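Here's the letter readout for the chains.
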Number of protein chains: 2
Amino acid sequence: MAYGYNGQILRVDLSKSSVSVERPDDNFYRTYLGGRGLIAYYLLKELGPGTDPLGPENKLIFATGVVTGAPVAGSGRNSVGARSPLTGAYGESEAGGFWGAEFKWTGYDALIVEGRAERPVYLWIHDGEVEIREAGHLWGQTTGQTQRAIRRELGDDKIRTAAIGPAGEHKVRYACVMNDLRHAAGRTGMGAVMGSKNLKAIAVRGRKKPAVADGQKVQAIAQWFARHCTELMGGLRDSGTAGRLLDLQVLGALPTHNFRQGVFAAAEQISGQTMRDTILVDRGTCYACPVRCKRTVQMEEPYPIDPAYGGPEYESVAALGSNCGIGDLAAIAKGNELCAAYGLDTISTGVSIAFAMECFERGFLTVGDTDGLQLTFGDAEVMLKLIGMIARREGFGNLLAEGVRRAAEEIGQGAAECAMHVKGQELPMHEPRLKQGMGLGYAVSPTGADHLQSMHDTEYVKDGPPLQEARALGLLEPVPMDDLGPAKVRLFLYLQHWNSLKNSLVMCIFVPYSFAQVVDIVNGVTGWNTTVWELMKVGERGTTMARAFNVREGLGLEDDHLPSRFSYPLTAGPLEGVAVGREEMQQAVATYYQMMGWDARAGTPTREKLHELGIGWVADELEKARQGVKSWPE
Amino acid sequence: MAYGYNGQILRVDLSKSSVSVERPDDNFYRTYLGGRGLIAYYLLKELGPGTDPLGPENKLIFATGVVTGAPVAGSGRNSVGARSPLTGAYGESEAGGFWGAEFKWTGYDALIVEGRAERPVYLWIHDGEVEIREAGHLWGQTTGQTQRAIRRELGDDKIRTAAIGPAGEHKVRYACVMNDLRHAAGRTGMGAVMGSKNLKAIAVRGRKKPAVADGQKVQAIAQWFARHCTELMGGLRDSGTAGRLLDLQVLGALPTHNFRQGVFAAAEQISGQTMRDTILVDRGTCYACPVRCKRTVQMEEPYPIDPAYGGPEYESVAALGSNCGIGDLAAIAKGNELCAAYGLDTISTGVSIAFAMECFERGFLTVGDTDGLQLTFGDAEVMLKLIGMIARREGFGNLLAEGVRRAAEEIGQGAAECAMHVKGQELPMHEPRLKQGMGLGYAVSPTGADHLQSMHDTEYVKDGPPLQEARALGLLEPVPMDDLGPAKVRLFLYLQHWNSLKNSLVMCIFVPYSFAQVVDIVNGVTGWNTTVWELMKVGERGTTMARAFNVREGLGLEDDHLPSRFSYPLTAGPLEGVAVGREEMQQAVATYYQMMGWDARAGTPTREKLHELGIGWVADELEKARQGVKSWPE
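Residues numbered from 1 in each chain as written. Chains lettered and ligands numbered in written order. Predicted model: local features only at pLDDT ≥ 70, side-chain atom pairs only at ≥ 80, totals over all residues. Heavy atoms only, no water.

## Quick notes on unusual backbone geometry
All names here are of chain A.
Moving on, step 1. A cis amide bond links Glu301 to the next residue, Pro302, at an omega of -5°.
Moving on, step 2. In this structure, Pro302 sits in the loop between strand S14 (294-297) and helix H11 (314-320).
Moving on, step 3. Notably, Lys171 is not glycine yet its phi reads approximately 55°, a positive angle.
Moving on, step 4. Given a relative accessible area of 30%, Lys171 falls into the partly exposed group. (Helix = DSSP H or I, 4+ residues; strand = E, 2+ residues; numbered from the N terminus. Buried < 20%, exposed > 50% of the residue type's maximum accessible area, 1.4 Å probe, protein only.)

## Some thoughts on the pattern of salt bridges
Residues and elements named next belong to chain A.
Moving on, step 1. Using the criterion set out here, one finds 86 salt bridges over all chains in the structure.
Moving on, step 2. Measuring nitrogen to oxygen at the nearest pair gives 2.8 Å for the salt bridge that ties Arg393 to Glu402. Here Arg393 and Glu402 have matching classes, each one buried.
Moving on, step 3. Measuring nitrogen to oxygen at the nearest pair gives 3.1 Å for the salt bridge that ties Glu621 to Lys624. Separated by three residues within a single helix, Glu621 and Lys624 lie in helix H24 (residues 616-626), roughly one turn from each other.
Moving on, step 4. Members of the salt-bridge network, linked through shared partners, are Arg260, Glu358, Glu361, Arg362, Glu417 and Arg565. (Salt bridge = Lys/Arg side-chain N within 4 Å of Asp/Glu carboxyl O.)

## Section: the packing of aromatic side chains
Moving on, step 1. Evaluated as defined, the whole model comprises 49 aromatic pairs over all chains.
Moving on, step 2. A centroid spacing of 5.6 Å and a plane angle of 55° characterise the contact between Phe492 of chain A and Tyr592 of chain A, whose relative ring orientation is tilted. Here Tyr592 of chain A lies in helix H22 (residues 582-596) and Phe492 of chain A lies in helix H19 (residues 486-505), a separation of 100 residues in the sequence. In this pair, the class of Phe492 of chain A matches that of Tyr592 of chain A, namely buried.
Moving on, step 3. Seen in terms of ring centroids, Phe225 of chain B and Tyr513 of chain B are 6.0 Å apart; in terms of plane orientation they differ by 55°. Their pairing is tilted. On the criterion of sequence distance, the pair formed by Phe225 of chain B in helix H7 (residues 215-239) and Tyr513 of chain B in the loop between helix H18 (486-505) and helix H19 (515-526) is long-range, its members being 288 residues apart. (Phe/Tyr/Trp six-rings, centres within 6.5 Å; stacked < 30°, edge-to-face > 60°.)

## Focus on the relation of the copies chain A and chain B
Moving on, step 1. After a rotation of 180° and a shift along the axis of 0.0 Å, chain A superposes on chain B with an RMSD of 0.0 Å. Classification of the inter-copy transformation places it as that of a two-fold axis. Within chain A, the C-alpha atom positioned nearest to the axis of rotation is that of Trp533 of chain A, 2.1 Å from it.
Moving on, step 2. Both copies contact each other with a shared surface, as 100% of the interface residues of chain A are interface residues in chain B too. (Least-squares fit on C-alpha atoms with pLDDT ≥ 70 in both. Contact = heavy atoms within 4.5 Å.)

## Regarding the packing of helix H21 (residues 532-552) of chain A against helix H20 (residues 532-552) of chain B
Moving on, step 1. Direction vectors running N to C along H21 of chain A and H20 of chain B enclose 85°, while the axes themselves pass 7 Å from each other. The angle between H21 of chain A and H20 of chain B falls in the class roughly perpendicular. Where H21 of chain A approaches H20 of chain B, its residues Val532, Trp533, Met536 and Lys537 of chain A are matched on the opposing element by Val532, Trp533, Met536 and Lys537 of chain B.
Moving on, step 2. The residue makeup of the contact of H21 of chain A with H20 of chain B, split by class, is six nonpolar, no polar and two charged. (Axes fitted to C-alpha atoms, helices over the stretch in contact; angles between N-to-C directions. Parallel < 35°, antiparallel > 145°, perpendicular 65-115°, else oblique. Nonpolar A, V, L, I, M, F, W, Y, C, P; charged D, E, K, R; others polar.)

## Section: the sheet that holds strand S8 (residues 129-134) of chain A
In any sheet, the strands associate via hydrogen bonds between backbone groups, in a parallel or an antiparallel arrangement.
All names here are of chain A.
Moving on, step 1. Here six strands make up an open sheet; going across it, the order is S8-S7-S12-S9-S10-S11 and the pairing mixed. The open sheet is flanked by S8 and strand S11 (183-185), the only strands paired with a single partner. Along the sheet, successive strands turn relative to each other by an average axial angle of 20°, direction set aside.
Moving on, step 2. Alignment of strand S9 (residues 160-163) against strand S12 (residues 199-205), held across four bridges, turns out to be antiparallel. Note on S12: the bridge partner recorded for Ala163 is Ala201. (Pairing = 2+ DSSP bridges.)

## Overview of the pairing of strand S7 (residues 121-126) of chain B
Residue and element names in this part refer to chain B.
Moving on, step 1. Within S7, five of the six residues are buried, leaving the element largely enclosed by the surrounding structure.
Moving on, step 2. Where S7 hands over to strand S8 (residues 129-134), the hairpin turn is made up of two residues, of which Asp127 adopts a positive phi near 50°.
Moving on, step 3. Pairing analysis gives six bridges linking S7 to strand S12 (residues 199-205), with the strands arranged parallel. Note that in S12 the partner of His126 across the bridge is Arg205.

## So, the interface of chain A and chain B
Moving on, step 1. Counting residues at the interface gives 39 residues for chain A, matched by 39 residues for chain B.
Moving on, step 2. Taken together, the two surfaces of chain A and chain B that pack against each other cover about 3,500 Å², and 54% of this comes from carbon and sulfur.
Moving on, step 3. For the chain A face of the interface with chain B, the top three residues by lost area are Arg471, Trp533 and Glu608 of chain A, together amounting to 22%.
Moving on, step 4. The interface formed by chain A and chain B holds two salt bridges in total.
Moving on, step 5. Two residues, Asp26 of chain B and Arg471 of chain A, come together in a salt bridge whose shortest N-O distance is 2.8 Å.
Moving on, step 6. Of all the elements in the fold, those that place two or more residues in the side of chain A that touches chain B are helix H1 (26-32), helix H18 (465-470), H19, H21, H22 and helix H23 (607-612) of chain A.
Moving on, step 7. For the side of chain A that touches chain B, the element with the highest residue contribution is H21 of chain A, accounting for six residues.
Moving on, step 8. Residues of the side of chain A that touches chain B, tallied by class, amount to 14 nonpolar, 13 polar and 12 charged. (Buried area = accessible area lost by both parts, 1.4 Å probe.)

## As for the domain arrangement of chain A
Residues and elements named next belong to chain A.
Moving on, step 1. By the assigned domains, chain A splits into domain 1 (9-205), domain 2 (240-419) and domain 3 (436-628).
Moving on, step 2. Between the C-alpha centres of domain 1 and domain 2 there is a distance of 26 Å.
Moving on, step 3. Taken together, the contact pairs 39 residues of domain 1 with 35 residues of domain 2.
Moving on, step 4. When domain 1 packs against domain 2, the two sides together hide about 2,600 Å² of surface, and 54% of this comes from carbon and sulfur.
Moving on, step 5. Our count for the domain 1 to domain 2 interface comes out at two salt bridges.
Moving on, step 6. Across the pair Arg173 and Glu402 runs a salt bridge, and its minimum N-O distance is 3.1 Å.
Moving on, step 7. Viewed at the interface, domain 2 and domain 1 are joined by 25 residue pairs in polar contact (both at pLDDT 80 or more).
Moving on, step 8. Counting residues per element, the ones that place at least two in the side of domain 1 that touches domain 2 are helix H4 (143-154) and helix H5 (166-169). (Domains from an automatic or database assignment. Polar contact = N/O pair within 3.5 Å; in protein donor to acceptor, adjacent residues only side chain to side chain.)

## Description of the confidence of the model for chain A
All names here are of chain A.
Moving on, step 1. Taken over all residues, the pLDDT of chain A has a mean of 96, while the share at 70 or more is 98%.
Moving on, step 2. Counted against residues more than four places away or in other chains, residues 629-634, with its pLDDT under 50, gives 20 contacts.
Moving on, step 3. Predicted complex metrics record ipTM = 0.96 and pTM = 0.97. (pLDDT = per-residue confidence, 0-100.)

## Observations concerning the side chain of Asn78 of chain A
Residue and element names in this part refer to chain A.
Moving on, step 1. The residue Asn78 is located in strand S4 (residues 78-83) in this model.
Moving on, step 2. Residue Asn78 is classed as buried on the basis of its relative accessible area, which comes to 0%.
Moving on, step 3. There is a polar contact of 2.9 Å between the side chain of Asn78 and the side chain of Asn179.
Moving on, step 4. With residues near it in sequence (within four places) discarded, Asn78 still touches Phe62, Ala63, Thr64, Ser93, Glu94, Ala95, Trp99, Gly100, Asn179 and Val506.

Written out as structure tokens, the structure reads:
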């Protein structure tokens, strides 16, 4: 019998200006689903070890999932993956908005971009057609200018774009890809890879809505969410992700002054509630989602802000704000707009600036190094100036454009102590001394420090909706916050599988679908008979493939640790005296390896585990690589 | 918040004549569910290593599951567990019928029997009341006489009994416990443990039907099955489990002459179809099941058979029939009735008799050893005579009552080659050279060779309903029959988890519920939000706890192998030339260990794996035992 899901993978070779299409079978989609699964599959299969992340041999993959574009909330997202120029490891980032759904409606599940165009180009994909178009006139333009120009020249205002700004063109190692100006695939430097290929944008417009096997089943969930989204997510609609900033402040865990403090004096002024009451002019959303958690901000003075770029998420507020000691919401919002326009990841940008400020404070940098700039915590003007310098790699900005790990190596002295990264990727705005499970996630995530690959411990310390739902996985007991014992590792492991599944589907992790509802969505769209078991295994498979990719690149145990800062206690606030035990974390990492079925010493997936996940071929890839591994390039 | 399932565990100490009741919390039930899960929990927690299986320190546990007694097919079963006197390992067996449901309605989920009564007793449990009653007058009686006497003296014809016959009293190592004369908890000698406690029977009558959280959900499944059971299981109704005997004959895999051949000349005469057309007088069933796969046979000549004892299943027909070279269905049916009346496991009985016949044929036994009996394959009279001698341990029967492993040690010479067992338990009637995954199951099952702990390879070699349903677990590809590679091990592993779950719930493995339907039944009864993930993990947990029990008793890798016979090819029939590769099987066992997260050398569950299953306490039990392990007694 012929099984259900019919999909297409689009492949564009920019060196050869060629386009081709592949049609994997249903079993392929069922094994990998999309997003994380597809990306890890193609990177493992098609990239040799030691591929230069910024060379033409790297492949840049835009992937949706089997449910993308279906009429339910959370299904508009897409992933972008490649070997990361920031970490040298597996690179992947997800973005919301409408681009993912629109791309899916062009008839494809994923796009693999290979090679490098001789001159700047953009792609125009519409209803199955693919054009590689000249983009010399767009080079140097912001993401906003780029989208406007493309819509004008193609004569369609409904075109969606995924584009890079000047940061991607200049191969800033944490350049991002922006969906429609305001939704960033922010992490691991996918924008730099896009820039290295001379690819400015991917414009899409589609009308091929894929078949849905059981429309009623899918509609029932959409209706359920429409009825309950205010009760479930009204807070997020009201004040956005930054609405939770004050909760972290109360817990003493708001990253401040480059993670040296957990309480920020001006927290009230930069909160989501203040944003709502001052500069917010509208609430944006993603495809098919009634929540409207996205922000649109606007102002004229002191900083003119174009509302087309949306508004800052929590991560951006804390990274550009408290972590740089900046309590000026207007400046933070402007910084956010600049990052969106230039195509910079706000987290890495903010952490890089905070890093520079600490180095300056401690004398590792002087005005002689910084083009005369005084890098002082709290100086909003300096922050804004540095964003532009980073995006264009101007002067001192060129150093920060390399990310904190490389910058610290260049600066020397004690700068490494100031570099808040894991595997070269700058830390998101979640304090590992509070959320120790999140810290474990930073340590072991294949993408380096990454909040979308981890868990929020705070939700599982006592009975409540998240833990009640987690019972569905057999997680029956609360786990204390500052615990890194086996019960926490187990909780992390199961939630990591589920997050990885969400990133394979590619679904929003905020929409609080039950496990059973996600099964219904997948089966409703595809006609499969999947279960939470199969979906959890897809998630585990994705994490394991990404790990295998990293093993092939020579990464291992020694790369799975937090910055040493977190093993020292905070010295003030509610978390005063709390640290992440260095040995406890080492033990948790080792426990995690064993629970994953990986070799306990190096964290290498065993051949048997790979077979258990139905991906024995990965063991063969690792074996091949063992015979001639090259180290990854700087 | 207080969670849902309210259960009670009944504990009876026969040494002290005391009765007590425990009320574990909802999390306990959700972690262990019942059956396998509960039994393994209590045996690990409460038995010291090296406990004499036939001593008062052993505990005999009758366990139902959380869905037992709910109004859906497959929910009438119960498990019986203890340290096995046959294997010295974890002992467990399941039985169908009505006893499980009736016991559940007395208000209890499980009964733990401890100690040893001074004189024979039976238990009378009715609506929460427990009486320990004198049973001297029942000692020596058949199971049928016992049930009739109890019903008469308690004045209730609807009483259900789980009883032993003379075999249990004589501690035949493979004595069984009979539910209502015709449903056997056959394997691992639980009847001998019951006999060692001077416990003749457990009579139950209950009217406390447990609450069902969502009656409609449960009813919908019952109605679905009522509508579809003929189409799904009509064949089983028509000719019983023995209806499949001819299929195995066609494949060349019908165990014949002590597993030396796979084709039996008289197969037609002993088939389920012949039974249907000759001696069948009625079709029996289990609680709430519309299938009626059980047989009731009756005759007068040449052997009077009491229909109260039902009729033979496939396992009994092949074990007492083809495997002993006996093509006389009347004799087989009589043998089945005798085993039911005396309380003997038909599989171990038949395999022990075939063992003796082969030893006799090869000269390892002579008439001097056998009380003058000529033990010739095909001699039905000898077979019937030996059943009585075994049950009463008369003469040569006393040796066979020890099971083939001990008998072979006693006989010496080449007798071990004739002893078809794993871990001391005699092989069920599934030829491992055909069903190599079943063979792997025999090798690694904690209970020794056991067909309820394994898989039927034949169902997964091509597309069809079983494989289509298995897709729900991510098992997407057919696996060839004679393959023992990693794909087969993975298939086995997942199905073993699910079988273990079924044995924890304690549900029938024949009723072809989808994975999703089992989830609905569990949630419908309990009000939980369980998923296939959580249920699979319960299954894995059960297998792992049983393994840990065995590790504590000193069992390991060297106990996980098939009899050497199966590494030699069959010499005739469709399977001519086919063997189970010895190295392939060793490799498969090692692969299985690794996929289970067990130590690859000894098959010991790692501490991390135990934590991943939420049972870190088992690691502590193993650690304690390591400090003073005793070997198990003969």
